[in-house]
Amino acid sequence: MELALLYSGGKDSSLAALVLDGFYDVRLVTAHFDVTDDHEHARRAAEALGLPFETHELDPEVAAEAVETMREDGYPRNGIQRVHEHALEEVAALDVDAVADGTRRDDRVPSVSRAFAQSLEDRHDVDYIAPLSGFGRNAVDRLVEETLDVESGPSEEIPKADYEGELRELLREDGGDDAVAEVFPAHEQTYVRGTLD
């Protein structure tokens with residue numbers, strides 16, 4: 001069965017890929033707005049995992065809406081949530097049997113509600129799978145520590161291909177570095193360089 005996993009090149013989506021690889025023909029898909037070439041970071045991480053990779057361009061109107069929402073809110077949650085749901089919709093429309101992401105039990109954003117998951121499945125005739133949804137952060141960190149070679153650091157310094165990088169760039173274009181600092185709190189990101197052998 002074909003499964004498309006939303007993939008950023010970070011620890012969560014990489015661990016999710018490894019969990020699902022034994023059960024599905026996993027295809028790693030980085031959804032992006034073509035604002036930056038950050039998707040190349042995910043391509044390298046996918047190659048290190050030895051899994052097929054592709055990109056899928058999202059609707060730029062959704063990015064503009066997300067940036068406006070984040071500026072109005074003063075924080076990124078609702079904007080990133082909107083982009084994640086759009087990305088799941090887009091990937092579910094591909095010729096696949098299932099879609100997945102690396103959301104964890106403790107994630108505040110993005111998250112996928114039961115109602116959204118069921119609606120996605122019904123409308124696109126796919127299964128939605130969140131293989132890490134029962135895992136807390138500490139459990140994920142322990143599994144990652146035993147399995148993956150990971151680089152960690154401040155979000156603005158770590159190569160990644162999640163939505164945040166492009167949304168940060170759009171905010172920067174619109175309002176400079178101050179606009180980014182007003183919306184995004186300092187936090188750590190991860191980038192997967194490969195598996196531990």
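Structure: above.
Here the structure is a predicted model, which means the values were calculated and not measured.

Considerations on the overall build of the protein chain
Step number 1: Within the protein chain one finds seven helices and seven strands.
Step number 2: Along its sequence from the N terminus, the protein chain presents helices and strands in the succession β-α-β-α-β-α-α-β-α-β-α-β-α-β.
Step number 3: Against the 2.2 N^0.38 benchmark of 16 Å for 197 residues, the protein chain shows a C-alpha radius of gyration of 16 Å, consistent with a compact globule.
Step number 4: In terms of principal-axis extent, the alpha carbons of the protein chain reach across some 45 × 40 × 30 Å.
Step number 5: Buried positions account for 50% of the 197 residues belonging to the protein chain.
Step number 6: Contacts spanning at least 24 positions in sequence make up 77% of the contacts within the protein chain whose residues lie at least 6 apart.
Step number 7: Charge centroids of the protein chain, computed over 18 positive and 47 negative side chains, lie 6 Å from each other.

Points about the packing of helix 4 (residues 77–92) against helix 5 (residues 114–124)
Step number 1: Remark: helix 4 packs on helix 5, axes separated minimally by 10 Å, with the N-to-C direction vectors making an angle of 25°. Taken together, the axes of helix 4 and helix 5 lie roughly parallel to each other. Crossing handedness for the pair helix 4 and helix 5: right-handed. Taken together, the residues of helix 5 that come into contact with helix 4 (itself represented by Glu85, Leu88, Glu89 and Ala92) are Phe116, Leu120, Arg123 and His124.
Step number 2: Within the contact of helix 4 with helix 5, the residues separate by chemical class into four nonpolar, one polar and three charged.

Observations concerning the nonpolar core
Step number 1: Of all hydrophobic cores here, the largest spans 31 residues; its most connected members are Val83, Val99, Leu167 and Phe184.
Step number 2: The biggest single contributor to this core is helix 4, with six residues.
Step number 3: Other than its neighbours up to four places away in sequence, valine 99 contacts Ala4, Leu88, Val91, Ala92, Leu120, Val126, Asp127, Tyr128 and Ile129.

Here we look at the packing of helix 1 (residues 11–20) against helix 6 (residues 137–147)
Step number 1: One can describe the packing of helix 1 onto helix 6 by two numbers: an axis separation of 10 Å at closest approach and a directional angle of 75°. By the angle between their axes, helix 1 is roughly perpendicular relative to helix 6. In this structure, helix 1 uses Lys11, Asp12, Leu15 and Leu18 to contact helix 6, whose residues at the interface are Val140, Asp141, Leu143, Val144 and Thr147.
Step number 2: Residue classes in the contact of helix 1 with helix 6 are distributed as five nonpolar, one polar and three charged.

Concerning the pattern of salt bridges
Step number 1: Here the structure, examined in full by the defined rule, presents 16 salt bridges.
Step number 2: The partner of glutamate 151 in a salt bridge is arginine 193, and the shortest N-O contact between them spans 3.8 Å. Taken together, the positions of glutamate 151 in strand 6 (residues 148–154) and arginine 193 in strand 7 (residues 188–195) put the pair 42 residues apart, joining distant regions of the chain.
Step number 3: What makes arginine 193 partly exposed here is its relative accessible area of 43%.
Step number 4: It is possible to trace a salt-bridge network through shared partners that takes in Glu2, Arg27 and Glu54.

Cut-offs and rules
Residues numbered from 1 in each chain as written. Predicted model: local features only at pLDDT ≥ 70, side-chain atom pairs only at ≥ 80, totals over all residues. Heavy atoms only, no water. Helix = DSSP H or I, 4+ residues; strand = E, 2+ residues; numbered from the N terminus. Rg over C-alpha atoms; globule rule 2.2 N^0.38 Å. Buried < 20%, exposed > 50% of the residue type's maximum accessible area, 1.4 Å probe, protein only. Contact = heavy atoms within 4.5 Å. Lys, Arg positive; Asp, Glu negative; His and termini not counted. Charge placed at Lys NZ, Arg CZ, Asp CG, Glu CD. Axes fitted to C-alpha atoms, helices over the stretch in contact; angles between N-to-C directions. Parallel < 35°, antiparallel > 145°, perpendicular 65-115°, else oblique. Left-handed = near helix turned anticlockwise from the far one by under 90°. Nonpolar A, V, L, I, M, F, W, Y, C, P; charged D, E, K, R; others polar. Core = buried A, V, L, I, M, F, W, Y, C linked by side-chain atoms within 4.5 Å. Salt bridge = Lys/Arg side-chain N within 4 Å of Asp/Glu carboxyl O.

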